[in-house]
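Fold and contact review
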Amino acid sequence: MVAQPMTAGTDVDTEALLMLRHVVAAHRRAGVERTAALPGPITTKRRGRGSEPDEIRPWTHGDDIRHIDRNTTARTGVPHVRTFRDEREQTTLLLADFRPSMLFGTRRAFRSVAAAEILALAGWRAVGLGARVALIAVGAFEPVFVRAATGDRAMTAVIGGLRRAHAAALAAGPATDPPLEDALSLAARSLPRGGTVVLASALDAPGATFDDTAATLRRRIDLVVAVVGDAFPRAAPIGVYPFLTTTGARGVHHGGREAGDAAAAEWIGRLMRLGSRAVLFPAEEAPETQMRAIGELHGDRR
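Notes on the structure in this doc start here. The residue numbers shown here count from 1 along each chain, following its written sequence. The model is predicted, so local features are restricted to residues of pLDDT at least 70 and side-chain atom pairs to those at 80 or more, both for listing and for counting; the totals for chains, interfaces and linings are taken over all residues. Heavy atoms throughout the structure, all of them, feed into the side-chain values; hydrogens and water do not.

**Examining the overall build of the protein**
Helix and strand definitions here come from DSSP, where helices need a minimum of 4 consecutive H or I residues and strands a minimum of 2 consecutive E residues; each element is numbered from the N-terminal end. Per the secondary structure count, the protein includes 9 helices and 10 strands. Across the 302 residues in the protein, those meeting the buried criterion constitute 44%. Contacts spanning at least 24 positions in sequence make up 73% of the contacts within the protein whose residues lie at least 6 apart. All accessible-area figures derive from a Shrake-Rupley calculation using a 1.4 Å probe, and residue coverage is judged against the displayed protein chains alone. Summed over its atoms, the accessible surface of the protein is roughly 15,700 Å², and 55% of this surface lies on carbon and sulfur atoms. Think of it in three bands: with a 1.4 Å probe and only protein chains considered, a residue is buried below 20% of the maximum accessible area for its type, exposed above 50%, and partly exposed in between. Throughout, a contact is declared for two residues whenever any of their heavy atoms are within 4.5 Å.

Here it is, written out as structure tokens:
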């Protein structure tokens, strides 16, 4: 029997995330998932970022300086970039929640580690369909950005970004969660119109204007949410459990499967009313078993 490393479940395993490409490939071979960005049996390789102007937006970390719009930058005094799109091009932005509340787990893995696994599955699925993939990871540290690109090299960069960001989250120590709505706003500024944001989060501390921010974001791009749940709230024996957080906050948790399921269902219903798709991903389940949920997250009908 091979001993598990001491960091198993508490840190992002780069090799394990890279190997998830085979899980996604096997799922695709077993089904009928289309592998081309256009209908038809032939997949073609396209170069460049398209020639149709899309929008002018404020420059963010990771943008190509060659796309800075000089006129808007000069007029506003703030760097702006001009983005272009191909009608066939799709961009998926993976948004990883590594805030302090995510660094918790009672079975198998921290919720943050489960979030990284879910986003790796979603990323491998996206590049397999010919999409561009990017990453933003947020927490009690400076956000980590990986610019959009295609293919296996893009996912290698994304997984490296997940590893760096999670290490920064662990090193940051106890802190209060910044509002999740700030991460949504950052994602909205970083993604071209018509793209997709895949958020993996337990949705703690959403912020006072989370719903408004999500609704505004949905006018430009798709938002799908992997609601990462820990086993304890869903499977703890019925009872009252006092707790003390790393920031010194005290409270009680009312245990019982019904309470846990109701909380997750409430969040999923709330997001769906905002026009987003949302699916519960139990952190205690291995990523190899999550492909069906990944399909549901992206609206697969099979």
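**A look at the sheet that holds strand 5 (residues 141–149)**
Strand order in this open sheet of 6 strands is 5-4-3-6-7-10, and the pairing throughout is mixed. The two strands at the open ends of the sheet, each matched to only one other strand, are strand 5 and strand 10 (277–282). Each neighbouring strand pair of the sheet contributes to a mean axis angle of 15°, computed without reference to strand direction. Angles here are taken between N-to-C directions and fall from 0 to 180 degrees, while the axes themselves are lines fitted to C-alpha atoms, restricted in helices to the stretch in contact. With respect to the sheet, helix 4 (residues 151–172) is in contact with strand 3 (91–97), strand 4 (132–139) and strand 5, its orientation differing from that of strand 5 by roughly 175°. Pairs of strands are assigned from DSSP output, requiring at least two bridges between the strands.

**Section: unusual backbone geometry**
Unusually for a residue other than glycine, Arg108 sits at a positive phi of about 65°. Looking at where Arg108 falls in the secondary structure, it is placed in the loop between strand 3 and helix 3 (111–128). The partly exposed category is assigned to Arg108, whose relative accessible area is 36%. With a phi angle near 45°, Ala205 is a residue other than glycine that sits in the positive phi range. With respect to the element layout, Ala205 can be found in the loop between strand 6 (196–201) and helix 6 (210–218). According to the relative accessible area criterion, Ala205 is partly exposed, its value standing at 37%.

**Brief notes about the environment of Ala116**
Relative to the helices and strands, Ala116 resides in helix 3. By relative accessible area, Ala116 is classed as buried at 1%. Distance from Ala116 to Leu17, taken between C-alpha atoms, is 8.1 Å for residues 99 residues apart in sequence. In this structure, Ala116 is in contact with Val12, Leu17, Phe98 and Leu162, ignoring residues within four places of it in sequence.

**A few points about the side chain of Asp177**
Here Asp177 lies in the loop between helix 4 and helix 5 (180–190). Residue Asp177 is classed as buried on the basis of its relative accessible area, which comes to 15%. Under the rule applied, a polar contact is a pair of N or O atoms within 3.5 Å (in protein, one hydrogen donor and one hydrogen acceptor; residues adjacent in sequence only if both atoms are side-chain atoms). Of note is the side chain of Asp177, whose polar atom sits 2.4 Å from the side chain of Ser101. Residues contacting Asp177, with those up to four places away along its chain left out, are Arg99, Pro100, Ser101, Asp204 and Ala205.

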